Amino acid sequence: MRVVVNGAKGKVGRVMVAAVEADDALEFAGAADVEDDLAAVIRNGEAGVVIDFTAPSARMTNVKTILESGAAPVVGTTGFTPEDEHQVDTWAREHNLPAVIAPNFSIGAVLMMEFATQAARFMPQAEIVEIFHDQKAEAPSGTAMTTARLMNESNTFQPPQRVGEEFLDGARGGDLENIRIHSVRLPGFVATQEVIFGIPGERLSIKSDAIGRECYSGGVLFAVKKTATLAPGLHTLRGLMGFA
Ligand code: NAP
């Protein structure tokens, strides 16, 4: 499989170039970044798949260019709305190609979300603590929000116990349908999330730790290889892992 990496000079893109080059089953077919003509790089590299980690503002333009160039996009760039995803699905079907979009390509993070969703069925009281590097643009993380939403689809969560007096605004975190989310931002971290369930007499912790951006390589290369057998249209990493 011949693979182009778009956003190849970026933090994640650089890791993706190294991962593709190191994989014997894949051929690195070229690198593109903001100043390049992506369609030309795909054409010259005769690429069948393009890994995209660029900028949210460029998400739709890039996906459209990739599909129009005859390659399957595997996209980690964030910012896709449900309407965007619907549009990508339509474009992919029109071009008879699969597309994969995942806001988190870490295999451990997908499993953490899945296990938390299962646990939620039996333990309807939980809080989420998520810790990211201090350059992260938003809080809470998209992963934390998605986790809480999936848990809420599994069960009706009980409101957290009211603390008698709150001496500091925000001390109890943000509230997403009765699941409190606490966001920590510190250098020295990549991405950590712990979902803590508590019911009378017992507790359960489900935690994933990404300690380097290589954590995204496994999920991305898994998706890249899967594109060979996927039906046309949009796919998620959760779906490819058999959870959706
Ligand atoms: P980054 O370090 O800023 O890298 C992005 C690279 O893409 C930069 O070299 C940037 O160039 C380039 N770029 C910007 N616009 C482009 C365009 N239109 N076409 C081609 N290249 C373009 O960012 P990052 O940390 O690698 O993250 C990239 C994206 O992936 C973000 O949306 C981030 O949230 C997301 N992300 C997703 C996952 C996941 O698992 N799905 C994990 C981590 C990050 P300039 O610097 O010159 O603008």
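Notes on the structure in this doc start here.

The rules behind the values
- Residues numbered from 1 in each chain as written.
- Predicted model: local features only at pLDDT ≥ 70, side-chain atom pairs only at ≥ 80, totals over all residues.
- Heavy atoms only, no water.
- Helix = DSSP H or I, 4+ residues; strand = E, 2+ residues; numbered from the N terminus.
- Rg over C-alpha atoms; globule rule 2.2 N^0.38 Å.
- Contact = heavy atoms within 4.5 Å.
- Areas by Shrake-Rupley, 256 points an atom, 1.4 Å probe, with all protein chains shown as cover.
- Lys, Arg positive; Asp, Glu negative; His and termini not counted.
- Charge placed at Lys NZ, Arg CZ, Asp CG, Glu CD.
- Near = heavy atom within 4 Å.
- Polar contact = N/O pair within 3.5 Å; in protein donor to acceptor, adjacent residues only side chain to side chain.
- Pairing = 2+ DSSP bridges.
- Right-handed = clockwise from strand over helix to strand, strands pointing away.
- Core = buried A, V, L, I, M, F, W, Y, C linked by side-chain atoms within 4.5 Å.
- Buried < 20%, exposed > 50% of the residue type's maximum accessible area, 1.4 Å probe, protein only.

A count of helices and strands for the chain gives eight helices and eleven strands. Rg of the C-alpha trace for the chain: 19 Å, near the compact-globule value of 18 Å for 244 residues, within the 12% margin. Residue pairs at least 24 apart in sequence account for 73% of intrachain contacts in the chain once pairs closer than 6 positions are excluded. Accessible area for the chain stands at about 12400 Å²; split by element, carbon and sulfur atoms hold 52% of it. Measuring between centres, the 21 positive side-chain charges of the chain sit 2 Å from its 31 negative side-chain charges.

A few words now on the site of the ligand. Around the ligand, the surrounding shell holds 22 residues, and the nearest of these are K11, V12, T78, A102 and F105. At 3.4 Å from an oxygen atom of the ligand is found a main-chain nitrogen or oxygen belonging to G10. In isolation the ligand exposes 920 Å². Once the protein is present, 71% of that is buried.

This part takes up the pairing of strand β2 (residues 27–32). Here strand β1 (residues 2–6) runs beside β2; their pairing, made up of five bridges, is parallel. What sits directly across from V3, in β2, is F28. The β-α-β motif built from β1, the intervening helix α1 (residues 11–22) and the parallel element β2 has right-handed crossover chirality.

This part is about the nonpolar core. In terms of nonpolar packing, the biggest core is built from 29 residues, with M16, I51, V74, F105, V220 and V224 touching the most fellow members. Put simply, the parts of the chain that give this core at least two residues each are β1, α1, β3 (49–52), α7 (215–226) and α8 (237–240). The residues touching V224, leaving out its near neighbours within four places in the chain, are M1, V3, L26, V49, I51 and V74. Core analysis: the next-biggest nonpolar cluster, separate from the first, contains 19 residues, I128, A144, I179 and I206 among them.

With that settled, the discussion passes to the environment of E202. Along the chain, the position of E202 falls in strand β10 (residues 202–210). Remark: the alpha-carbon pair of E202 and M123, spanning 79 residues in sequence, is separated by 10.0 Å. Ignoring sequence-local partners within four residues, the contact set of E202 consists of M123 and F197.

So, on to the side chain of H235. Note that H235 resides in strand β11 (residues 233–235). Accessibility expressed as a relative area gives 18% for H235, which makes it buried. A polar atom in the side chain of H235 sits 2.8 Å from the backbone oxygen of A231. Not counting the four nearest positions on each side in its chain, H235 is found in contact with P98, A99, V100, I101, L230 and L240.

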